[in-house]
Amino acid sequence: MTQKQLAEPAYTPAYISTLEAGRVRPSDEALRHLSERLGVEFDELATGRPAHLATTLRLGLTDAQRTLATGEAEAAAEQYAALLAEAERHGLDAEQAAAQLGLGECALDVGDLAVARRHFERAEKSLADAPLPSRVPALRGRAVSHYLAGELRYACYLLESTLDELNRSGLHDPDALLLLYASAIGPYMDMGAHARAAQAAEFALALAPQVGDPALVARMHRSVARTLLAEGRVAEADASLAKAAELYRQLQIRTELANCHWMRGYLYVQNGELERAEKELREALGMLAEKRAALYSSQVAVELADVLHRRGRSEEAAELLHGVLGDIGPERGAVHSAAAHRLLGIIAEDARDTEAAEEHYVRALSLLERAGAAGDLADLCRLLGDLLRRTGRVEAALDAYRTGLGHRTAPGTTTLGPAPAQPPL
């Protein structure tokens, strides 16, 4: 096509020449004329992006999300990485943020917490100019990565400060609020702030009817079950988990379904149904190990070892614990790492190996103090104090008991400030 053919009938060949030389910028009207003559989309000519690129990327992001839902985190990460590169090449901020968010979730699934945190931070940066509700999934992801690393106080700070800002500023987005309240329950429970956990569960349940995302509602039911169980409402907790599991089955979200089996095993342990607990935990462990979710697999293995010990199979429990301690530690699953050392200490005490028992208790104490897990700390201090007293070290035992009492006097209040503003329910 010659310059004259391209220009006719509205423009001159000289004008087309100046455009090609980059000396002037065409108006929208001129671009529409040129796009019609060239047979291309106006947006592609105006931005340099292929037509329907954003739509194509969003479809790709949905496919990657589906891959992740089946538990194939590594394959999903490859999809997200390719989509991210394409979105960066064409300057599509929203699609970049969605790809970074997906990569962060993939990293959480495989237990690479530092990498997950970086992706969530980059997603936040891509959405810096977007309203706060749009940034909530990335903020929540960052909080979860800190929580899994054992940084409970900071995880609570991130979730609570975001909740406070949403509620005080009138940004009452039900999906964002539900995601934050459901995510806060785990850190609250581990810190011993049971009243706050119960309140978060209450708010989450009240918000659920306004939320259209079934995966989000399912995650809420799984988290709420923990507070119901702490209040002795076993039947309600089981019903909540059944709702979550059914939603995950319908959505074919395999990793989250494994987490439901995990939570149901925990429920049966608290209710003294050890045979049923072992079955559920083995189911969860098999599903997670199959998908190479190393961090979550190790955490389930610790809880399964506790069940095995209670059922009189201490050697099998100890072998399982020693096998997973390399995968969890101070920077990765600190609370479950402490639980593993605590149980190994109990098993060593049963075998009259007080030196090994004390070593495990001290390691667990260090991990829990760093994490701020108040409820578990009090129990561990009692175990350590009893061991020290039996071996004749009364002053050291008293110190251990005092430490435990200090953490037991006001659960959660030593590390949490005022509660965030409440949603207008």
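Keep in mind the model is a prediction, meaning the values are calculated, not measured.

Rules used throughout
- Residues numbered from 1 in each chain as written.
- Predicted model: local features only at pLDDT ≥ 70, side-chain atom pairs only at ≥ 80, totals over all residues.
- Heavy atoms only, no water.
- Helix = DSSP H or I, 4+ residues; strand = E, 2+ residues; numbered from the N terminus.
- Buried < 20%, exposed > 50% of the residue type's maximum accessible area, 1.4 Å probe, protein only.
- Contact = heavy atoms within 4.5 Å.
- Areas by Shrake-Rupley, 256 points an atom, 1.4 Å probe, with all protein chains shown as cover.
- Lys, Arg positive; Asp, Glu negative; His and termini not counted.
- Charge placed at Lys NZ, Arg CZ, Asp CG, Glu CD.
- Core = buried A, V, L, I, M, F, W, Y, C linked by side-chain atoms within 4.5 Å.
- Axes fitted to C-alpha atoms, helices over the stretch in contact; angles between N-to-C directions.
- Parallel < 35°, antiparallel > 145°, perpendicular 65-115°, else oblique.
- Expected span 1.5 Å × (residues − 1).
- UniProt positions renumbered as here; feature names shortened; annotations may be inferred.

**Q** So what exactly am I meant to see when it comes to the overall build of the protein chain here?
**A** In terms of helices and strands, the protein chain carries 22 helices and zero strands. Overall, the C-alpha framework of the protein chain stretches about 100 × 45 × 40 Å when taken along its three principal axes. By the burial criterion, 50% of the 425 residues in the protein chain qualify as buried. Of the contacts formed within the protein chain by residues at least 6 apart in sequence, a portion of 58% connects residues at least 24 apart. Summed over its atoms, the accessible surface of the protein chain is roughly 20,100 Å², and 50% of this surface lies on carbon and sulfur atoms. Charge separation in the protein chain, taken as the distance between the mean sites of 46 positive and 61 negative side-chain charges, equals 1 Å.

**Q** What's the story with the nonpolar core in this structure? I'm lost.
**A** Grouped burial of nonpolar side chains is what soluble globular proteins tend to show. Counting 113 residues, the largest nonpolar core has L108, Y181, M220 and Y361 as its most contacted members. The element best represented in this core is helix α11 (residues 174-191), accounting for twelve residues. Within the second largest apolar cluster, 15 residues are counted, among which are L53, A64, A73 and A76.

**Q** So what exactly am I meant to see when it comes to the packing of helix α13 (residues 214-230) against helix α15 (residues 254-270) here?
**A** For any two helices packed against each other, the geometry is given by the interaxial angle and the distance between the axes. Look at α13 against α15: their axes get within 11 Å of each other, and the N-to-C directions meet at 10°. Judged by the angle between their axes, α13 and α15 are roughly parallel. In this structure, α13 contributes R219, R222, A225, R226 and L229 to the contact, and α15 contributes E256, N259, C260, M263, Y266, L267 and Q270.

**Q** It is not clear to me how helix α5 (residues 53-69) should be interpreted in this structure. Could you clarify?
**A** One turn of the α-helix equals 3.6 residues, which is why residues spaced by three or four share an orientation. If you check α5, its first and last C-alpha atoms are 24 Å apart, about what 17 residues at 1.5 Å a residue would give, namely 24 Å. When α5 is considered as a whole, its buried residues turn out to be L53, L57, G60, L61, A64, T67, L68 and A69. For α5, the secondary structure elements touched by its buried residues are α6 (73-89), α7 (93-110) and α15. Taken from the residues just after α5, G71 is the one with a positive phi, measuring 95°.

**Q** Explain the UniProt feature "domain: HTH cro/C1-type" (unreviewed entry) in the protein chain here, please?
**A** Residues given the UniProt feature "domain: HTH cro/C1-type" (unreviewed entry) here are residues 1-45. Annotation note: span residues 1-45, helix share 62%, strand share 0%, distance between end C-alpha atoms 17 Å.

**Q** What should I look at first to understand the environment of C260 in this one?
**A** With respect to the secondary-structure elements, C260 resides in helix α15. Relative accessible area serves as the criterion here: at 3%, C260 is assigned to the buried category. Note: C-alpha distance between C260 and E280 (20 residues apart in sequence) is 8.9 Å.

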